[in-house]
Structure formats: C-alpha cells, structure tokens
Amino acid sequence: MSRAAIRYAKAVLSLAVDQKSAEAVNADMALISKTVSENEELDLVLRNAITKQSTKKDILLKVFPKLNDLTTKLLDILVENNRVDIIAYVAQQYNTLYDDHTGKEKATVTTAVPMTNDLELKVMAKIKDLTSKAVELENIVDETIIGGFILRVGDIEYNASIANKLNKLKREFTLN
C-alpha cells in the first residue's frame with residue numbers, strides 16, 4: 001500500500017511543480033492527512049471495501065470543498081483505480097516529498113513540560129549542529145522523560161532527558 005502511495009505522491013508532486021501549485025497541493029495534502037487521521041469514522045468509510053468509490057469521493061469533496069484542481073484530479077484517479085482508501089497515505093507521502101523538494105525537514109522535541117523560549121533557543125542551536133536544512137519544530141509533551149528533552153531530526157535522535165540519564169546510571173550500577 002505504501003509503495004502505491006509513494007508512486008501517486010511522486011506523480012502529483014511532479015505535476016504540481018510543473019504547474020507551480022506544489023505549495024497549494026501541499027496544504028491540501030496536509031489538511032487531508034490531518035483530517036483523516038483525526039476522524040476515525042472518515043477513515044473507516046474510506047477503507048470500507050463495501051462502500052462505492054464514487055460515494056467515497058462525494059464524501060471527500062463534501063469534507064474538503066475547496067481543494068486545488070490537481071488534488072481533485074488525484075481523487076478522480078484514485079476513484080478510477082479503486083484506491084481512494086489510500087488517500088491519507090498519499091497525502092502523508094506527498095507532504096514528506098514536498099518537504100524534501102523544498103529542503104525543509106521536520107524536527108520533534110519531546111519535553112516533560114511545554115517548551116520555554118529559552119529551551120526553544122537551545123534546541124534550535126542543537127538543530128543547527130545536526131542539519132543545514134530549514135526545520136519545522138514540533139513540541140511533544142511527555143512527562144515520563146522527567147526533564148530535559150529528546151530531539152529527533154530526520155533519522156538522528158539526541159536524547160538529553162533526565163529519564164535517559166537515570167537509565168544510564170542504573171545500567172552502570174547493575175553492571176558493577
């Protein structure tokens with residue numbers, strides 16, 4: 001399923017770049033991805049094999065009435081090929097490919113409490129050490145890390161959490 005989604009996403013990105021509408025399509029894809037992932041009923045309807053493809057398309061057009069023409073054409077192709085069920089995956093893949101195309105990378109920073117401006121500056125400084133790309137930063141709050149932060153940029157993870165340091169100490173004491 002993901003290979004098909006990647007192929008559709010690559011084709012749409014290529015067309016969108018040619019038509020100078022890649023940014024608008026990216027906004028559509030981000031909205032589709034977010035909406036489907038947050039709405040279990042919509043996701044179930046899209047993945048339901050019994051529901052007609054045309055019905056799925058009608059639902060999507062009602063949920064997303066102001067899509068770019070290229071995004072609407074993608075829906076048409078997915079309907080023709082009986083693949084509307086993968087629209088959320090296509091949208092996610094498109095967003096990833098678009099970010100690669102524009103040289104942007106997503107970074108997530110996990111903290112025990114919401115980030116302060118001071119911590120955000122420290123994290124952004126660390127990000128500059130890890131990558132030269134423009135970075136979009138997302139903050140995830142997870143109280144189990146106790147303090148500090150865990151930074152993930154692409155496939156690189158920098159763990160400066162108190163929980164991680166305590167686990168390292170625990171391992172050192174159990175080995176001795």
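Structure's up top.
Reference entry: report on the structure contained in this document. (Residues numbered from 1 in each chain as written. Predicted model: local features only at pLDDT ≥ 70, side-chain atom pairs only at ≥ 80, totals over all residues. Heavy atoms only, no water.)

## Some details on the packing of aromatic side chains
Argument step 1. Applying the stated criterion across every chain, the model contains 1 aromatic pair.
Argument step 2. Relative to Tyr-98, the ring of Tyr-94 lies with its centre 6.3 Å away and its plane at 10 degrees, an arrangement referred to as stacked. On the criterion of helical spacing, the pair formed by Tyr-94 and Tyr-98 is a turn pair, its members being 4 residues apart in helix α6 (residues 87-102). (Phe/Tyr/Trp six-rings, centres within 6.5 Å; stacked < 30°, edge-to-face > 60°. Helix = DSSP H or I, 4+ residues; strand = E, 2+ residues; numbered from the N terminus.)

## Observations regarding the nonpolar core
What tends to happen in soluble globular proteins is that the nonpolar side chains get buried as a cluster.
Argument step 1. Core analysis: the largest hydrophobic core is formed by 31 residues, its most contacted members being Leu-74, Ile-87 and Tyr-94.
Argument step 2. Elements supplying a minimum of two residues to this core: α1 (2-18), α2 (22-38), α3 (40-47), α5 (69-80) and α6.
Argument step 3. Tyr-94 has contacts with Ala-9, Val-12, Leu-13, Ala-16, Ala-22, Val-25, Asn-26 and Met-29, leaving out every residue within four places of it along the chain. (Core = buried A, V, L, I, M, F, W, Y, C linked by side-chain atoms within 4.5 Å. Buried < 20%, exposed > 50% of the residue type's maximum accessible area, 1.4 Å probe, protein only. Contact = heavy atoms within 4.5 Å.)

## Overview of the pairing of strand β2 (residues 134-141)
Argument step 1. Alignment of strand β1 (residues 104-111) against β2, held across 8 bridges, turns out to be parallel. Looking at the pairing, Val-109 lines up with Asn-139 of β2.
Argument step 2. As for the winding sense of the linkage, the β-α-β connection from β1 through helix α7 (residues 117-130) to β2 is right-handed. (Pairing = 2+ DSSP bridges. Right-handed = clockwise from strand over helix to strand, strands pointing away.)

## Remarks on the environment of Ile-59
Argument step 1. Mapped onto the elements, Ile-59 comes out in helix α4 (residues 53-63).
Argument step 2. In this view, Ile-59 contacts Leu-42 and Val-45; residues no more than four positions away in its chain are not counted.

Remember, this is a structural readout, not a statement about activity or role.
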